[in-house]
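Chains, contacts and geometry: an overview
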Amino acid sequence: MTSQQDQRMTGTSGVVLSIDAMGGDQGPAAVVAGIAASAEKNPEVRFILHGDSAVLDKLVAKSKPLAGRCEIRHADGVVSMDDKPSQVMRHGKGTSMWSALESVRDGEATVAVSCGNTGALMALSMVRLRKLPGVSRPAIAILWPSRSPQGFNVMLDVGADIRADAKDLLQYALMGVSYARNGLALERPRVGLLNVGTEEHKGRSELHDAHQLIGQTAEDAEFDFVGFVEGGDIPGNAADVIVTDGFTGNVALKTGEGTASLIRDLLREAFAYSPLSRIASLLAFTSLKRLSKRIDPRRVNGGVFLGLNGTVVKSHGAADATGISAAVKLAFRLAESGFTDRLKARVASAAELAEDAVQSADEDGTHT
């Protein structure tokens, strides 16, 4: 019996996730530790691990929570963070990333998870999984800690494509609404369009066009459009779905992660300043621990690729076991809810609504 057969899953029930074990900065040890933490909490989840079987066999064998719940697929190649997406598209076959997407494409797993090169992952996902009919540009959506009742807002796009015209932004809004319904259980999400101000005359022309298109579609698509929102509203309670282009969204995401790390460091320095400060930190330990957990970007790690014939969760490249566990938890929740099929149905109906809105705007002569 081969090492791969030794590690085949003993049962067929439950959710199966496809994991690229080789793509992250922390290496396969962090990936296996992360999925083991998730396996301990979710007895229904199973994994197909893709990567160097000689390395993965040893790591999985040491993990009791993964016993009988992993199948290892050997892949020689690894997509590095420096690889160009165009090169990966031509020569990526045989890599752990390619193999992980193939398992979703072939119906063996419901969701793929990777810590690898974002551009390469999106490029391969578009090639192997294909875009949904009616989707011109896929988007990456993330959950952002917020003051809203559900505790998180959805923001997209955060880096799939730096450009977006009015039609793309409308499509992002419709996909974001579907994600909010399935990921956050919101019946009628509120959608805001990110701009430099809330006044209707501010911003670029494509934002004005998108404002009109989204507003025209809102009632039929069963969401509330709150109009323009500002950067301060991303973690606020003005909207549940924040729509923007990939350039702006990615800058906002990286800024938020950096700010969260800065706050934790400043708090640590402040409470270590004097003996009295250290006593105060002990008295406030529970509250500080809750705050640290609330703003820890690792615990909301995982961007979801929307608009493809299959669901892909992109974990942060530098994610440790805690971050990877969070990404796997998100993938499991989406798989369990039947998100892929629901999104397909929403996009199909949304495409008609979007086309109607565009035609209406063109007839009115207000859309450019």
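See the structure above.
About the cut-offs
- Residues numbered from 1 in each chain as written.
- Predicted model: local features only at pLDDT ≥ 70, side-chain atom pairs only at ≥ 80, totals over all residues.
- Heavy atoms only, no water.
- Axes fitted to C-alpha atoms, helices over the stretch in contact; angles between N-to-C directions.
- Helix = DSSP H or I, 4+ residues; strand = E, 2+ residues; numbered from the N terminus.
- Left-handed = near helix turned anticlockwise from the far one by under 90°.
- Contact = heavy atoms within 4.5 Å.
- Nonpolar A, V, L, I, M, F, W, Y, C, P; charged D, E, K, R; others polar.
- 1 Å grid on protein atoms, 1.4 Å probe; cavity = no way out; pocket = protein on both sides within 12 Å on 5 of 7 lines; lining within 4 Å.
- Points joined across faces, edges and corners; volume = space filled by probe spheres on them.
- Core = buried A, V, L, I, M, F, W, Y, C linked by side-chain atoms within 4.5 Å.
- Buried < 20%, exposed > 50% of the residue type's maximum accessible area, 1.4 Å probe, protein only.
- Pairing = 2+ DSSP bridges.
- Salt bridge = Lys/Arg side-chain N within 4 Å of Asp/Glu carboxyl O.
- Parallel < 35°, antiparallel > 145°, perpendicular 65-115°, else oblique.
- Expected span 1.5 Å × (residues − 1).

Attention now moves to the packing of helix H2 (residues 28-41) against helix H3 (residues 53-61). Running from amino to carboxyl end, H2 crosses H3 at an angle of 40°, the nearest separation of the two axes being 10 Å. In this structure, H2 meets H3 at a crossing whose hand is right-handed. In contact with Pro28, Ala29 and Val32 of H2, H3 contributes Val55, Leu56, Leu59 and Val60. Grouping the amino acids of the contact of H2 with H3 by side-chain chemistry returns seven nonpolar, no polar and no charged.

What follows deals with empty space enclosed by the protein. Evaluated as defined, the whole model comprises two cavities of 30 Å³ or more. Here the second largest cavity is characterised by a volume of approximately 30 Å³. Asp20, Met97, Ala100, Leu101, Ala112, Val113, Ser114, Leu121 and Val312 are the residues that line the second largest cavity. Within the residue set of the lining of the second largest cavity, elements represented by two or more residues are helix H5 (96-105) and strand E4 (111-114). Split by residue class, the lining of the second largest cavity holds seven nonpolar, one polar and one charged.

What follows is about the nonpolar core. Leu17, Phe47, Leu49 and Tyr179 are the most contacted members of the largest nonpolar core, which totals 70 residues. If one sorts the elements of this core by residue count, helix H7 (residues 166-183) sits on top with 10 residues. Beyond its immediate sequence surroundings of up to four residues, Tyr179 is in contact with Ala141, Leu143, Val154, Leu184, Val304, Leu306, Leu330, Leu334 and Phe339. Formed by 30 residues, the second largest nonpolar core is a distinct cluster that contains Ala120, Trp144, Leu194 and Val229.

Turning our attention to the pairing of E4. Because side chains alternate across E4, one face comprises the buried residues Val111 and Val113, and the other comprises Ala112 and Ser114, equally buried. Where strand E1 (residues 15-20) lies against E4, four bridges are found, and the strand directions are parallel. Counted as the bridge partner of Ile19 is Val113 from E4. Judged from the four bridges that link them, E4 and strand E11 (residues 311-314) form a sheet pairing that is parallel.

Further remarks concern the pattern of salt bridges. Counting across every chain of the model gives 13 salt bridges. Among the ionic pairs, Arg137 bridges to Asp168, the shortest N-O distance being 2.8 Å. Remark: Asp168 occurs in helix H7 and Arg137 occurs in the loop between helix H6 (118-128) and strand E5 (139-145); sequence separation between them is 31 residues. Residue Asp168 is classed as buried on the basis of its relative accessible area, which comes to 4%. Taking the shortest distance from any N to any O, the salt bridge between Glu206 and Arg204 comes out at 2.6 Å. When salt bridges that share partners are traced, they join Arg137, Asp161, Arg163 and Asp168 into one network.

A word on the side chain of Asn117. Note on placement: Asn117 falls in the loop between E4 and H6. Owing to a relative accessible area of 7%, Asn117 belongs among the buried residues under this scheme. With near-sequence residues (within four places) excluded, Asn117 lies in contact with Val79, Ser80, Met81, Asp82, Asp83, Met97 and Lys314.

With that settled, consider the packing of H2 against helix H12 (residues 321-336). Interaxial distance between H2 and H12 falls to 7 Å at its minimum, and their mutual angle equals 50°. Judged by the angle between their axes, H2 and H12 are oblique. For H2 against H12, the interelement crossing comes out right-handed. Counted together, Ala30, Val31, Ala33, Gly34, Ile35, Ala37 and Ser38 of H2 and Ala321, Ile324, Ser325, Val328 and Lys329 of H12 form the full contact between these two elements. Looking at the contact of H2 with H12 residue by residue, the classes come out as eight nonpolar, three polar and one charged.

Residue position: Leu121 is located in helix H6. Along the chain, Leu121 and Val88 lie 33 residues apart, while their C-alpha atoms are 8.9 Å from each other. Every residue in contact with Leu121, bar those within four places of it in the chain, is listed here: Met97, Leu101, Ser114, Phe305, Val312 and Lys314.

Our focus in this paragraph is the sheet that holds strand E6 (residues 152-156). Spatial ordering of the open sheet is given by E3-E2-E1-E4-E11-E10-E5-E6-E9-E7-E8, a layout of 11 strands whose pairing is mixed. Edge positions in the sheet fall to strand E3 (70-74) and strand E8 (224-229), since each of these pairs with one other strand and no more. The average angle at which neighbouring strand axes cross in this sheet is 25°, direction not considered. Contacting E5, E6, strand E7 (190-194), strand E9 (241-243) and strand E10 (303-306), H7 runs over the sheet at an angle of about 160° to E9.

This part is about H2. Taking 1.5 Å as the rise per residue, H2 with 14 residues should run 20 Å; its terminal C-alpha atoms sit 20 Å apart, in good agreement. Of all the residues in H2, the buried ones are Pro28, Ala30, Val31, Val32, Gly34, Ile35, Ala36, Ser38 and Ala39. Packed against the buried residues of H2 are E1, strand E2 (45-51), H3, E3 and H12.

Honestly, it's all geometry; don't read function into it.
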